[in-house]
Number of protein chains: 2
Amino acid sequence: MALIVHKYGGTSMGSTERIRSVAKRVAKWVGAGHQLIVVPSAMSGETNRLLGLAKELLPDARSAAARRELDMIASTGEQVSVGLLALALQAEGVPSVSYTGWQVPVRTDSSYTKARIESIDDVRVRADLAAGKVVVITGFQGIDDEGHITTLGRGGSDTSAVAVAAAMKADECLIYTDVDGVYTTDPRVVPEARRLQTISFEEMLEMASLGSKVLQIRSVEFAGKYRVPMRVLSSFTPWDIPVDEEARSGTLITFEEDEKMEKAVVSGIAFNRDEAKITVVGVPDKPGIASKILGPVAAANIDIDVILQNVSHEGKTDFSFTVHRNDFQRTVDLLKAGVAQELGAADVVGDAKIAKVSIVGIGMRSHAGVASTMFRALSEENINIKMITTSEIKTSVVIDEKYMELAVRALHKAFDLDQAAA
Amino acid sequence: MALIVHKYGGTSMGSTERIRSVAKRVAKWVGAGHQLIVVPSAMSGETNRLLGLAKELLPDARSAAARRELDMIASTGEQVSVGLLALALQAEGVPSVSYTGWQVPVRTDSSYTKARIESIDDVRVRADLAAGKVVVITGFQGIDDEGHITTLGRGGSDTSAVAVAAAMKADECLIYTDVDGVYTTDPRVVPEARRLQTISFEEMLEMASLGSKVLQIRSVEFAGKYRVPMRVLSSFTPWDIPVDEEARSGTLITFEEDEKMEKAVVSGIAFNRDEAKITVVGVPDKPGIASKILGPVAAANIDIDVILQNVSHEGKTDFSFTVHRNDFQRTVDLLKAGVAQELGAADVVGDAKIAKVSIVGIGMRSHAGVASTMFRALSEENINIKMITTSEIKTSVVIDEKYMELAVRALHKAFDLDQAAA
C-alpha cells in the first residue's frame, strides 16, 4: 500500500462527465489498495469567469484590500471542484471528504493572489486516510495568519499538490494533464520527439522555464526542495487501464542521478519565440553600465531574460538583452528617451523577430564538447547565432525566428534524441 | 449614527451592473453617517446551477457525507457575492472587507443543508466597523464545531441577516427584495391592496407561512425571538433616493403593540392554492384515530396543514386534512391501501381543487365578531365553506379553488383594507 497524491487540471475537471471519469480513475487506485489524496483544479474557464466579474467591478485591483477580495472570489472555483469530486467518488461507492485550504489548513503568507505556502497540517488528512477515506483538497489556496483566504497565483494547484505530497510524505505525486509526459522537444515541431521516461528535476526546471508548459515551475522547485517524486501523465487515457501500467506511464521527475541519467548528455530541446532582443550600441565600457541600463527597465516592471555584454572595443561596448515581445516597443522607447542619451550611447536597436533555442541536460555538467556540437549543427544549416548564454545544464542561442523549427530539428538529431534511451 | 444591516436578494445581485447599484446604495448610507453590515445572497441562478452540477454526479445525496459536500459546493455562491460586493464598494471609495460564515464565525449545528445558527461572534466584525469599514458577510452559511461548512437551507440569507443584526445589536435590519413591502393581500388579485407601513411579527409569521413569499419564515421567527426591528423594502428604487425617504419606505415588522396596531383588526388576507383536501369518511369515533390516520402520512414525509375532525354521529365521524397538492394522489393511495381498511372507514375521498383563504390580524385577539364578518362576506358571494380553522390571530377557510379571487376581494373589502390606516 502506498500513499499517492493525484492532481487533475482544469480540463480534466471540465464537465460532470470528465469529473465522473476522474472519480472512476481514483476509485481504481483505491481498489488496488492505495491511499489517495486528490487535488483538483477549478473547472476549466471558471477562474477566468470569476476574475472577469471582479474586473468589471474594479478594473484596477492592486491594493491589498482588493487583492484579498480577488482571492475570496477566485478560491471558490476549486472549492466547487473538490465538493463535486467528493460526490462523484461517493457515487462510485468510495468514502470521501473534501477540504478547502483553510480547513486542512494550508498556511501561507499574506501575499494575496501570489501567496507562498508556509506549512501544511497533516493531522486532519491523516485521520481521514486512516478511516479509509479519499481526501480531496483544493489546490491553489490557503489561509494566512489572520484567517484570510489566499491564493497561490495561476497554476498554483500543481504546487499545492506537491506541497501536500511533501507534508504527507506521499510515495508519489501524479500530475494528470492533457499531455502524456515530458518530451525531448515539442512533437509538433519534431515528429520524432520522444517521451522521456525520467527527467531530473533540474532539467525539468530549465525545460519548464524555457516554455515547456507542462508543469508550473514553482511546483518543480518545491518537488526538488522536498524531494517529492513527481510524475507527469495523461488524464486522457481510458480510466480503466491497469494501475500498474498507469503507474509506469508519463514522465517521472527524479532527484537521484542514477547511471541511466548520466548517459543522456542532452535530455531535451526547449524553444521560445516570445522574446525580443534589444541592443544599446556603443556605450562607454565603465563600471555600472548594466545597472544604469537595466535599472529603469526593471523599475518599469519589465522582465529581462538573456543578458549579454561582449568585450569592449576602443572603450566602447554593445550591451544586449531580451525582453518579452509584448514589452519590446515600450523598452526601446524607455531607453531612447533617457538612458541611452545619458550614457552617450550611439543607438538603441532592436529585433522582435528572434527565437531562443536551448539544449538542456544534466549530463552537460561533465561532458565537454556539447556546446560545440550544438554550434556545428546550427552552422551546417547556415543558421546564424545572434546571442549565446550558458548555464551548468543549459546552453541557449538566440537566432532569427524563421530558423527556429529548422534549428530545433537539427539539434534534436545532432544529440540523437530520436533514439530510444538504452 | 446607527448600525444598520442591509440584506440583498439574488435578483439584486444578479449582474455586475446590479451589484454596482447595491454598492452605490450602501455607499449612500455610509455617507449619511451610518455603520453598515451587508448580507448579500448568491447571484440569482447560481445556487441552482451549482446544485444542478452536484445532482448530475450524485442524484440521491441523502447521506450526511453527501450533504456535507452539497454545502461545500453551494456556499461558494455567497462567497463570490461578498467578494464582488466588497470590490464594488472599494470602487466607490468605501473601505470594505468581506467574510464568509466560517470567518466571522457564524456557528451552527451540523445539520448539513438545513443547519441552525447557534451563535455569532461579533469581535472581528465590530473591529472592522470601528475601523470605518463596511463589512460584507455571506448569508446562508456557517461552520459547525468540527470546522465543516454548513448551509441554512433555501432562503437562509434572510435568517443570516437577522441573526447578524441580533448578534451585533443593530438598530435595524433592512431586507431589500423585489417587492416594496408587505401588502394587505396580493395586488394582482386585489388592485386596491395597500402596502402596510407596519405589521407585527406574529402577523408576518402567519402571512409568510400562508404563502406571502416576501420573507423566509425562519427569519421572522428569529427577528421575533431577538426583537430585531426588520424592514422589507424594494431594491428597485433608484439607488440615489434620499436616505431619510428610503429609511421610511417598505414595511416595518415590529414587536411593540402600539395603539395604531390595535386599531387594525385584520391586517391582511393571505391565500394559497397549493393544497388538496382529503377526507376519511365514516371512521369509528374512538381515541387514537388521528394518530392512526396521520402517523403513516407523516412517516411518508408528507406535510399536513389544516386538520379537522367534526363531532361524531352514531359513533362515526369524518376526518379531514389538507396536504400539498403534489402529495395528494400519494396520500390517497397510502390511506386506501392500509389505514382506511384497518379502521373500517367507509371511504377515502379527496378534492385537489381547493384554496385556502385566511384573514390575519393581531387585533382579532381582542375583537369578537371577526369570524362572523368573514363568514357573512363569503356567504353574500354564495361561496360555500368546506373547512374552517382558527388560531389567535388567524382565521382560515377552505373553499372551492374557482372562488378564491372572489373571496379574497370580498374579504379585503369587508375588512376595509383598501382604506389607508389612520
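Computed from a predicted structure; not experimentally measured. (Residues numbered from 1 in each chain as written. Chains lettered and ligands numbered in written order. Predicted model: local features only at pLDDT ≥ 70, side-chain atom pairs only at ≥ 80, totals over all residues. Heavy atoms only, no water.)

A closer look at the interface of chain A and chain B
In this complex, chain A contributes 45 residues to the contact, which on the side of chain B involves 45 residues. When chain A packs against chain B, the two sides together hide about 3,500 Å² of surface, and 64% of this comes from carbon and sulfur. The largest contributions to the chain A side of the interface with chain B come from Leu57, Leu87 and Trp102 of chain A, which together make up 20% of the buried area. Taken together, the links from chain A to chain B amount to two salt bridges. A salt bridge links Arg49 of chain B to Glu46 of chain A; its shortest N-O distance comes to 3.5 Å. Here chain A is connected to chain B by 18 residue pairs in polar contact (both at pLDDT 80 or more). Elements with a contribution of two residues or more to the side of chain A that touches chain B: helix H1 (16-31), helix H2 (46-57), helix H3 (64-91) and strand E3 (96-99) of chain A. The biggest single contributor to the side of chain A that touches chain B is H3 of chain A, with 19 residues. Within the side of chain A that touches chain B, the residues separate by chemical class into 24 nonpolar, 13 polar and eight charged. (Contact = heavy atoms within 4.5 Å. Buried area = accessible area lost by both parts, 1.4 Å probe. Salt bridge = Lys/Arg side-chain N within 4 Å of Asp/Glu carboxyl O. Polar contact = N/O pair within 3.5 Å; in protein donor to acceptor, adjacent residues only side chain to side chain. Helix = DSSP H or I, 4+ residues; strand = E, 2+ residues; numbered from the N terminus. Nonpolar A, V, L, I, M, F, W, Y, C, P; charged D, E, K, R; others polar.)

Overview of the packing of aromatic side chains
Under the definition given, this model contains nine aromatic pairs over all chains. Between Tyr8 of chain A and Tyr176 of chain A, the ring centres sit 4.5 Å apart and the planes meet at 10°, which makes this aromatic pair stacked. One end of the pair, Tyr8 of chain A, is in strand E1 (residues 3-8); the other, Tyr176 of chain A, is in strand E9 (residues 172-177), with 168 residues separating them in the sequence. For Tyr176 of chain A, a relative accessible area of 0% translates into the label buried. One residue, Arg18 of chain B, lies across the ring of Phe236 of chain B, its end atom 4.1 Å from the ring centre. (Phe/Tyr/Trp six-rings, centres within 6.5 Å; stacked < 30°, edge-to-face > 60°. Buried < 20%, exposed > 50% of the residue type's maximum accessible area, 1.4 Å probe, protein only. Lys NZ or Arg CZ within 6 Å of the ring centre and 35° of its normal.)

Topic: the packing of helix H10 (residues 289-299) of chain A against helix H11 (residues 328-343) of chain A
Residue and element names in this part refer to chain A. Where H10 meets H11, the axes come as close as 10 Å, and the angle between the chain directions of the two elements is 145°. Considering the relative orientation of H10 and H11, their crossing is right-handed. In this structure, H10 contributes Lys292, Ile293, Pro296 and Val297 to the contact, and H11 contributes Thr331, Leu334, Leu335, Val339, Glu342 and Leu343. Its residues assigned to classes, the contact of H10 with H11 shows seven nonpolar, one polar and two charged. (Axes fitted to C-alpha atoms, helices over the stretch in contact; angles between N-to-C directions. Left-handed = near helix turned anticlockwise from the far one by under 90°.)

Focus: the UniProt feature "binding site: ATP" (unreviewed entry) in chain A
In the UniProt entry, the feature "binding site: ATP" (unreviewed entry) is given for Lys7, Tyr8, Gly9, Gly10, Thr177, Asp178, Tyr183, Arg188, Lys213 and Val214 of chain A. Mapped onto the secondary structure, Asp178 of chain A falls in the loop between E9 and strand E10 (198-200). (UniProt positions renumbered as here; feature names shortened; annotations may be inferred.)

Concerning the sheet that holds strand E11 (residues 230-234) of chain B
Sheet strands line up and pair through hydrogen bonds in the backbone, either parallel or antiparallel. All names here are of chain B. Strand order in the open sheet formed by eight strands is E3-E6-E2-E1-E9-E11-E12-E10, and the pairing between neighbours is mixed. The sheet is open, and its two edges are formed by strand E3 (96-99) and strand E10 (198-200), each paired on a single side. The mean inter-strand angle of the sheet, taken between neighbouring strand axes irrespective of direction, is 20°. Looking at chain direction, E11 and strand E12 (residues 251-254) are connected through three bridges and run antiparallel. The residue bridging Met230 from the neighbouring strand is Ile253, located in E12. Each of strand E1 (3-8), strand E2 (35-40), strand E6 (134-137), strand E9 (172-177) and E11 is contacted by helix H1 (residues 16-31), which is oriented at about 170° to E1, the strand it contacts most. Helix H5 (residues 156-167) contacts E1, E2, E6, E9 and E11 of the sheet and is inclined by roughly 175° relative to E1. (Pairing = 2+ DSSP bridges.)

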